[in-house]
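Given next are the chains, with one letter for each unit.
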Amino acid sequence: MPSGGTFSFQVHGAGDRALDGIFRLIALGDEERPLEEVLTAMCADVADIARANVASIYVREEVDDDVRFTMRGNVGFPREAIGRVHLRAGEGITGFAAERMRPVSVAVGKRDRHFKYISGLGEEKYPALLAVPILRGGITAGVLVLQRGVERAFSDGEVVLATALAAVINHAIERGEDREHRQARSTDRRAVRLAGESIVDGSAMGRAEMLPTLSALTGSDVGERSSPSKIEATVERLRGELGKAVVTASAAAASELRGLSLILEDWRFRAGLAEGCGASAPLKALSALARSYARVTFTVPPADRDGAEIIRDRAAEIEDLCVFVYAASLRGRPLVRSGAVLVAERLRPFAAIHAITSGATGFVVEGDVRPDSATAALARSAGLPLLASVGGVFSWLQPDDLLVIESNGLRINPPATAIAHFRNARK
């Protein structure tokens, strides 16, 4: 300090919106909660700090030697987008920012050549977009995306602020991933209770069961031949469950269930199913059958994005059917053990029917399920509890964990007292 001079300093107390928000983000990043919950809470603060209508956090994932970025936190879009929106490096404006490892902003996203439309998000209401890569160790570990409902680009100062926020988010992602890895390696199964929405009331207990896709049914299954009689018996059991559910279903659910019955009554499809199950490469043949049948059933113009989404959903539903019929036609290949609780990101009707006929005790779904849907009608007809909107369940769940479904809640590896309470209540 110069002789005779004065030393001036300022303590920055509470009241600075951006500064207070950054401190909240740091505190959130240290919380011991599932990563989706932490990142979604951070998105709410980030949106407030940056004055954005939408804030999303995408996290890097490596799946089968492929790098993709999955939305694991969001505020401003429908809740079911979390965990379901995936973009590869270079795909969309978000993927482009990840690939270039530099912030990218546009005043009107849909006018940019990199823009990718994602059905169901409602992005058209928020044209201005800023994507900031979250960098760690020379790679893009994630992307922070901000969107606004005005056609005005983000300023240079706002890009700098978002970059600073991305650095704080990086700390939370790193801690959350470390926590998930520790949980995966741990031999001790952690007890936790998660909230959900009881679509079909009731309680149930059983070991966690998750269904494979066709591509996951590889290895020892390939080369085996399926019995035509077993295929027919499986299809008839599915038809029977659909018929029982129609009786008590709402008008909308009954209409959906009858539509599914038409698939099972289509003799060309059943012939293709039998041929696919008996093919030398059954998984490949059945996957092709699912895609082709969905296109025949729902033909839409190439530019009809909603129609294309319907085709994808129906193809996934038919693929479910192919999985169950194929597995059931082979000896000793149950996909759902009797007494298990089926856990799914999204539960479609054929998956629900297969679980019911296999002896499942209940359903836990990470995403939403409409109370008037065909899926809910099937669970209700079978008298099985269905708990939906269980956020973060896959962050906590390990294969074969013991689950107890309660009213609006799920216990994972409950204590002995909770197990005893469940058993006494069932007597």
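Think of each chain on its own: its residues are numbered from 1, step by step along the sequence as written. Only residues with pLDDT of 70 or above have their local features reported here, since the model is predicted, and side-chain atom pairs are shown and tallied only from 80 upward, although totals for entire chains, interfaces and linings are computed over all residues. Working from all heavy atoms in the structure, the side-chain values ignore hydrogens and water.

### Regarding the overall build of the protein chain
Right, so step 1: Assigned secondary structure in the protein chain consists of 13 helices and 14 strands.
Right, so step 2: A buried classification covers 48% of the 427 residues belonging to the protein chain.
Right, so step 3: When contacts within the protein chain are restricted to residue pairs at least 6 apart in sequence, those whose partners lie at least 24 apart make up 64%.
Right, so step 4: With the model as given, the accessible surface of the protein chain reaches about 20800 Å², and the carbon-plus-sulfur share is 52%. Helix and strand definitions follow DSSP, with helices as H or I runs of at least four residues and strands as E runs of at least two, each counted in order from the N terminus. In this scheme, a residue with accessible area under 20% of its type's maximum is buried, one over 50% is exposed, and one in between is partly exposed, where area comes from a 1.4 Å probe on protein chains only. Whether two residues touch is decided by their heavy atoms; if any such pair falls within 4.5 Å, the residues are in contact. Residue burial considers only the protein chains on display, and all accessible areas are found by Shrake-Rupley using a 1.4 Å probe.

### Thoughts on helix 7 (residues 267-277)
Right, so step 1: The complete set of buried residues in helix 7 reads Phe 269, Arg 270, Gly 272, Leu 273, Gly 276 and Cys 277. The buried residues of helix 7 all sit within an arc of 160° when viewed along its axis, so they share a single face. The exposed residues of helix 7 that point more than 90 degrees off its buried face are Trp 267, Arg 268 and Glu 275.
Right, so step 2: The definition of a polar contact used here is a pair of N or O atoms within 3.5 Å, where within protein one atom must be able to donate a hydrogen and the other to accept one, and adjacent residues in sequence count solely through side-chain atom pairs. For helix 7, the N-terminal cap is Asp 266; the gap from its side-chain oxygen to the backbone nitrogen of Arg 268 is 2.9 Å. Note that the arc is defined by the directions from the helix axis to the C-beta atoms.

### Considering the packing of helix 10 (residues 349-358) against helix 11 (residues 374-382)
Right, so step 1: Every axis in this analysis is a line fitted to C-alpha atoms, fitted for helices over the stretch in contact. Angles between the N-to-C directions lie between 0 and 180 degrees. Running from amino to carboxyl end, helix 10 crosses helix 11 at an angle of 15°, the nearest separation of the two axes being 8 Å. By the angle between their axes, helix 10 is roughly parallel relative to helix 11. Our pair here, helix 10 against helix 11, has a crossing hand that is right-handed. Judged by residue contacts, Pro 349, Ala 352, Ile 353 and Ile 356 of helix 10 engage Ala 374, Thr 375, Leu 378, Ala 379 and Ala 382 from helix 11.
Right, so step 2: Under the scheme applied here, ten amino acids are nonpolar (Ala, Val, Leu, Ile, Met, Phe, Trp, Tyr, Cys and Pro), four are charged (Asp, Glu, Lys and Arg), and all others, including Gly, are polar. Residue composition of the contact of helix 10 with helix 11, grouped by class: eight nonpolar, one polar and no charged. Here the angle decides the label: under 35 degrees means roughly parallel, over 145 means roughly antiparallel, 65 to 115 means roughly perpendicular, and every other value means oblique. By convention, the crossing between two helices is left-handed when the near helix turns anticlockwise from the far helix through less than a right angle, and right-handed when the turn is clockwise.

### Here we look at the sheet that holds strand 9 (residues 204-209)
Right, so step 1: The strand order across the open sheet formed by eight strands is 7-14-13-9-10-11-12-8, and the pairing between neighbours is mixed. Every other strand in the sheet has two partners, leaving strand 7 (192-195) and strand 8 (197-200) as the edge strands with one partner each. When the angles between neighbouring strand axes are averaged without regard to direction, this sheet yields 30°.
Right, so step 2: Pairs of strands are assigned from DSSP output, requiring at least two bridges between the strands. Summarising the sheet, strand 8 and strand 12 (residues 386-388) pair through three bridges and their orientation is antiparallel.

### Considering the confidence of the model for the protein chain
Right, so step 1: Confidence per residue, as judged by the predictor, is encoded in pLDDT with a range of 0 to 100. Per-residue confidence for the protein chain gives a mean pLDDT of 80, with 80% of residues at or over 70.
Right, so step 2: Of all helices and strands in the protein chain, the one with the weakest mean pLDDT is helix 9 (residues 305-328) (65), whereas strand 12 scores best (96).
Right, so step 3: Every residue in residues 11-15 is under pLDDT 50, and counting partners more than four places away or in other chains gives four contacts.

### A few points about the packing of aromatic side chains
Right, so step 1: Side-chain rings of Phe, Tyr and Trp (the six-membered ring for Trp) are treated as a pair once their centres are within 6.5 Å; stacked means planes under 30 degrees apart, edge-to-face means over 60, and tilted covers the remaining angles. For the structure shown, the criterion picks out one aromatic pair.
Right, so step 2: Each ring is checked for a lysine NZ or an arginine CZ that lies within 6 Å of its centre and within 35 degrees of its normal; such an atom marks a charge sitting over the ring. It is Arg 270 that lies over the ring of Trp 267; its NZ or CZ is 4.5 Å from the centre.

### Re the side chain of Gln 147
Right, so step 1: Note on placement: Gln 147 falls in strand 6 (residues 139-148).
Right, so step 2: Side-chain polar atoms of Gln 147 contact the backbone oxygen of Tyr 126, separated by 3.3 Å.
Right, so step 3: With residues near it in sequence (within four places) discarded, Gln 147 still touches Ala 52, Asn 53, Val 54, Phe 77, Glu 123, Tyr 126, Ala 128, Leu 129 and Phe 154.

### What to know about empty space enclosed by the protein
Right, so step 1: Put plainly, a pocket is an open set of points on a 1 Å grid over the protein atoms alone with protein on both sides within 12 Å along at least five of seven lines, a cavity is a set where a 1.4 Å probe fits but cannot get out, and a lining residue has an atom within 4 Å of a point. Grid points are joined across faces, edges and corners, and a volume is the space filled by probe spheres set on the points. A full pass over the atoms with the stated rule returns three cavities of 30 Å³ or more.
Right, so step 2: Of the pockets and cavities examined, the largest cavity occupies roughly 110 Å³.
Right, so step 3: Around the largest cavity sit Tyr 58, Leu 87, Gly 92, Ile 93, Thr 94, Phe 115, Lys 116, Ile 118, Glu 123, Leu 129, Val 145 and Gln 147, which together line it.
Right, so step 4: At three residues, the largest contribution of residues to the lining of the largest cavity is made by helix 3 (residues 92-100).
Right, so step 5: For the lining of the largest cavity, the class distribution of residues is seven nonpolar, three polar and two charged.

### Looking at the pattern of salt bridges
Right, so step 1: Think of a salt bridge as a Lys or Arg side-chain nitrogen and an Asp or Glu carboxyl oxygen that are within 4 Å of each other. Taken as a whole and judged by the stated rule, the model has 19 salt bridges.
Right, so step 2: A salt bridge links Arg 148 to Glu 158, with the nearest nitrogen and oxygen atoms 2.7 Å apart. Of this pair, Arg 148 sits in strand 6 while Glu 158 sits in helix 4 (residues 156-185), and the two are ten residues apart along the sequence.
Right, so step 3: A relative accessible area of 7% places Arg 148 in the buried class.
Right, so step 4: Exposure remark for Glu 158: the relative accessible area of 26% places this residue in the partly exposed category.
Right, so step 5: A cluster of three or more residues bridged by salt bridges with shared partners is formed by Glu 232, Glu 236, Arg 239, Glu 265 and Arg 270.

### What about the pairing of strand 1 (residues 54-63)?
Right, so step 1: By the bridge criterion, six bridges tie strand 1 to strand 6 in an arrangement that is antiparallel. Residue pairing for strand 6: Ile 57 is matched across the bridge by Leu 144.
Right, so step 2: Relative to strand 2 (residues 66-75), strand 1 runs antiparallel, the two sharing nine bridges. Looking at the pairing, Ser 56 lines up with Asn 74 of strand 2.

### A short note on the nonpolar core
Right, so step 1: In this structure, Leu 257, Leu 273, Phe 350, Phe 363 and Leu 386 are the most contacted members of the largest nonpolar core, which totals 52 residues.
Right, so step 2: Apart from the residues lying within four places of it in its own chain, the contact partners of Leu 273 are Ile 231, Val 235, Leu 286, Leu 289, Cys 322 and Val 325.
Right, so step 3: Only buried residues count toward a nonpolar core. Its members are Ala, Val, Leu, Ile, Met, Phe, Trp, Tyr and Cys residues joined through side-chain atoms within 4.5 Å. Counting 30 residues, the second largest nonpolar core, distinct from the first, contains Ala 47, Ala 55, Leu 146 and Ala 162.

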